[in-house]
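# Summary of the model geometry
Now for the letters of each chain:
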Amino acid sequence: MDVRGNPSSPPSSPPSSPSSPLARVMTSWFSARSFFRSTSVDLVHDPHATPVPGELIAQFLSELDLRFPRTLTSLRATGEVKRAEPVGTTLFATRILRAQKLNVKSAVDRAHDHARWREAMLPGGVMEMELGEETIPQVNQEKVFLVLETKAARPCLIVRVVRHTAGLTSSDYLKRYIIYCMELAVYLCDAEDNPDGKIDVVFDVRGMKWANYDVKGLKSVFEILEKHFFERIHVIYMYDGPRLLDMLWKVVSPFIDEKTRDKVQFLSSKELPQLLDVLGKDEMPEDFLGVPIHRLVDDIQAEAV
């Protein structure tokens, strides 16, 4: 099923000739090789992340299996846990324990609730997610782009704020589109170079006008990140925003968790080199925005058949 709900063939084998970056990424997903270079890979990929003791991970997995024995199976079926065992469940346990400040009971409860949410929202994973006709206006604005190959090997979502129209659809359909974009970026994280599956997000705020001023929309972004994509964000960059962005941020920021808020960095046009360094570029390329995300899905399905 493509992004507009049209039938498509499911991915069944890797591309025969991995000549493009996209093909190489998909080959890594469909190959039978090990997901990691060695069994000694450091599971705490982010050096600034809270260390999670192995005994706490074991306790979490034991209690989760005892109280909610179907949860891990459900998380794997919906694409939340993708890595080979035991690494896959270890990485998930690490993320959710960090999100719950190493509280095992709280992490177990959240894992169960998260699995139920994914069963309702992503029963077949992101590649089978149907956005529905009501969400198509969001797609057609071509405002969300994805850069797959970056210096830090983290996919980077880029949002062209000037292409966003506040109130274009109901908030439910905007949220569905946000979930789709985030889930696809996470899905394409390279298992070798980015084992903890984190991504960067750039809000390109150049040229923002009142038509793009969307308090509900920005609140929805952070609500979804905190509820459903815990420990998935590395950094969020707000690039070259006018004073209108300052007004918007003053309204929205009090509703954002402090830990998430600390990941937001504001960059002026003079700080473009820092942003280009994130993208692994020496100068502003013509394809700065990467690939429109809905076209990327179509390409993935075409190359994987």
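Attention here is on the structure that accompanies the text. Quick caveat, the model's predicted, so the values are computed rather than measured.

### Some thoughts on helix α7 (residues 171-187)
Between its first and last C-alpha atoms α7 spans 24 Å; for 17 residues at 1.5 Å apiece the expected length is 24 Å, and the two agree. Taking burial as the measure, the 17 residues of α7 include 12 buried ones, the bulk of the element. Those residues of α7 not exposed but buried are Leu 174, Tyr 177, Ile 178, Ile 179, Tyr 180, Cys 181, Met 182, Glu 183, Leu 184, Ala 185, Val 186 and Tyr 187.

### A few points about the packing of aromatic side chains
In total, this model carries five aromatic pairs according to the counting rule given. One Lys or Arg, Lys 219, reaches over the ring of Phe 255 and ends 4.0 Å from the middle of that ring.

### Some words on helix α5 (residues 104-121)
In an α-helix there are 3.6 residues to a turn, and that puts residues three or four apart on one side. With 18 residues, α5 extends 25 Å between its outermost C-alpha atoms, agreeing within 8% with the 26 Å of an ideal straight helix rising 1.5 Å per residue. Buried within α5 we find Val 104, Ala 107, Val 108, Arg 110, Ala 111, His 114, Ala 115, Trp 117, Arg 118 and Met 121. In this structure, the buried side of α5 is in contact with α2 (54-67), α3 (71-77), α4 (87-99), α7 and α8 (215-228).

### Here we look at the packing of α2 against α4
It is the contact of α2 with α4, at a shortest axis distance of 10 Å, that shows an interaxial angle of 100°. One element, α2, and the other, α4, form an angle in the roughly perpendicular class. Contact residues: Leu 56, Ile 57, Phe 60 and Leu 61 in α2; Thr 89, Thr 90, Phe 92, Ala 93, Thr 94, Ile 96 and Leu 97 in α4. In terms of residue class, the contact of α2 with α4 is built from eight nonpolar, three polar and no charged.

### Side note on the nonpolar core
Core analysis: the largest hydrophobic core is formed by 52 residues, its most contacted members being Leu 157, Ile 199, Phe 203 and Phe 222. When residues of this core are assigned to their parent elements, the largest contribution, 11 residues, is made by α7. Setting aside its immediate chain neighbours within four residues, Leu 157 contacts Val 144, Phe 145, Leu 146, Cys 181, Met 182, Ala 185, Ile 199, Asp 200, Val 201, Val 202 and Ile 293. Judged by nonpolar contacts, the second largest core, of 18 residues, contains Phe 92, Val 104, Ala 107 and Val 108.

### Observations regarding the pairing of strand β2 (residues 156-160)
By the criterion of burial, β2 is predominantly enclosed, with five of the five residues buried. Relative to strand β3 (residues 199-204), β2 runs parallel, the two sharing five bridges. Bridged to Arg 160 within β3 is Asp 204. Note on the crossover from β2 through α7 to β3: the handedness is right-handed.

Criteria and cut-off values
- Residues numbered from 1 in each chain as written.
- Predicted model: local features only at pLDDT ≥ 70, side-chain atom pairs only at ≥ 80, totals over all residues.
- Heavy atoms only, no water.
- Helix = DSSP H or I, 4+ residues; strand = E, 2+ residues; numbered from the N terminus.
- Expected span 1.5 Å × (residues − 1).
- Buried < 20%, exposed > 50% of the residue type's maximum accessible area, 1.4 Å probe, protein only.
- Phe/Tyr/Trp six-rings, centres within 6.5 Å; stacked < 30°, edge-to-face > 60°.
- Lys NZ or Arg CZ within 6 Å of the ring centre and 35° of its normal.
- Contact = heavy atoms within 4.5 Å.
- Axes fitted to C-alpha atoms, helices over the stretch in contact; angles between N-to-C directions.
- Parallel < 35°, antiparallel > 145°, perpendicular 65-115°, else oblique.
- Nonpolar A, V, L, I, M, F, W, Y, C, P; charged D, E, K, R; others polar.
- Core = buried A, V, L, I, M, F, W, Y, C linked by side-chain atoms within 4.5 Å.
- Pairing = 2+ DSSP bridges.
- Right-handed = clockwise from strand over helix to strand, strands pointing away.

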